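Given next are the chains, with one letter for each unit.
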Amino acid sequence: MKKALIFGITGQDGSYLAELLLAKGYAVSGVTRRTSVNNRVRLAGIADRITLHEGDLTDSGSIWRALSATQPNEVYNLAAQSHVHTSFVQPEYTGSVNALGPVRILEAIRTLDVGIKFYQASTSELFGQGTDDGKALNEDAPMKPASPYGAAKLYAYSMVRLYREAYGLFACNGILFNHESSRRGGDFVTLKIAAFAKSLKEGSWDGKPLKLGNLEARRDWGHARDYVEGMWRMLQNESASDYVLATGRALSVREFADKALAKAGIVPVWSENGAVDSKGRVLITVDPALFRPVDVQCLLGDSSRAQKQLGWKPSCTIEDLVEEMIA
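This is a predicted model, so every value here is computed, not measured. (Residues numbered from 1 in each chain as written. Predicted model: local features only at pLDDT ≥ 70, side-chain atom pairs only at ≥ 80, totals over all residues. Heavy atoms only, no water.)

S.K.: Sorry, what's going on with the pairing of strand 2 (residues 27-32) here?
M.R.: Remark: a regular strand shows side chains that alternate across the two faces of the sheet. Most of strand 2 is tucked away: five of the six residues are buried. Across five bridges, the pairing between strand 2 and strand 3 (residues 50-54) is parallel. Of the residues in strand 3, the one forming a bridge with T32 is E54. (Buried < 20%, exposed > 50% of the residue type's maximum accessible area, 1.4 Å probe, protein only. Helix = DSSP H or I, 4+ residues; strand = E, 2+ residues; numbered from the N terminus. Pairing = 2+ DSSP bridges.)

Here you go:
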């Protein structure tokens with residue numbers, strides 16, 4: 001029986017990955033931070049089938065103890081300070097977790113067992129403003145991060161490649177574009193929109209408009225369930241490499257909101273300040289405080305390498321994703 005250790009198992013991706021690996025017959029363990037609130041809600045359905053260890057990416061000792069206790073065949077690092085906006089407020093902490101955290105895991109693997117396969121959750125934020133010509137971004141596109149979050153992730157991405165080349169580790173970067181689900185954290189824009197649309201659909205709206213930032217920011221949105229399948233496929237491949245996972249289709253925040261509100265039977269009237277409904281009620285307002293200091297306008301991915309070499313492809317459409325999130 002294969003054994004897997006997941007850092008960040010309590011998050012959206014971690015919970016889906018744990019379910020996938022259990023279905024494939026793995027013994028699954030996870031590392032979770034000690035918090036004062038319950039952060040294991042997403043694991044409720046599989047809690048009796050996994051083993052959890054307390055730890056933190058900022059603490060090397062807990063990483064070593066988790067690896068020694070589980071002796072995994074595969075390690076997946078999905079843990080991070082995951083908010084781009086927060087990274088501008090807490091750049092040092094973001095660097096310690098997102099940049100140095102993966103290095104702490106890599107160094108432990110290099111010392112304890114170089115045969116362990118390692119997956120690092122990288123991000124489309126590596127590309128920063130994207131390309132000037134607006135084409136979809138692949139693994140060879142220039143990487144110019146536009147946030148402390150992206151810069152920290154680029155350091156980790158580079159170190160994964162270095163450990164692969166210098167020490168022969170089977171280590172992969174998954175350059176994942178935006179991926180969502182009903183398990184998304186409530187402070188992410190997609191779940192904010194979905195929850196707002198659901199309140200309108202069910203007649204429970206409190207009358208307060210939804211506050212959003214840059215309505216024209218365009219993102220390539222897929223389903224997290226599809227993307228964890230890609231993570232697993234990377235570690236089953238004959239050789240280690242880095243792969244973009246994306247749908248190849250980008251929507252703006254406004255277009256995402258359009259689709260969500262349509263599920264509630266509402267066709268909004270948009271202006272640069274937000275949106276109203278047919279009755280003149282203010283549904284959405286633009287809040288300048290939600291803009292980033294450097295706002296990335298469009299991130300569109302090209303996953304043709306993963307589709308060709310791994311046999312991976314996204315199965316969930318944006319329409320299905322929006323419907324599931326609202327439901």
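S.K.: Hey, could you run me through the pattern of salt bridges in this one?
M.R.: In a structure, side chains of opposite charge can pair up when their charged atoms sit close to one another. Per the counting criterion, the structure on display carries 20 salt bridges. Here E255 and R218 are joined by a salt bridge, their closest N and O atoms 3.2 Å apart. Taken together, the residues span a long stretch of sequence, with E255 in helix 8 (residues 253-263) and R218 in strand 9 (residues 218-219) at a distance of 37 residues. R218 sits in the partly exposed class, given a relative accessible area of 30%. For the salt bridge of R233 with E229, the shortest nitrogen-to-oxygen distance reads 2.9 Å. Taken together, the positions of R233 and E229, both in helix 7 (residues 224-236) and four residues apart, correspond to about one turn of that helix. Through salt bridges that share partners, E139, D140 and R305 make up one connected network. (Salt bridge = Lys/Arg side-chain N within 4 Å of Asp/Glu carboxyl O.)

S.K.: Honestly, the environment of P288 in this entry has me stumped. Any pointers?
M.R.: Mapped onto the elements, P288 comes out in the loop between strand 15 (282-286) and strand 16 (298-299). Judged by relative accessible area, P288 falls into the exposed class, the value being 63%. It is 6.2 Å that separates the C-alpha atoms of P288 and G213, two residues lying 75 residues apart in sequence.

The analysis is restricted to geometry; functional conclusions fall outside its scope.
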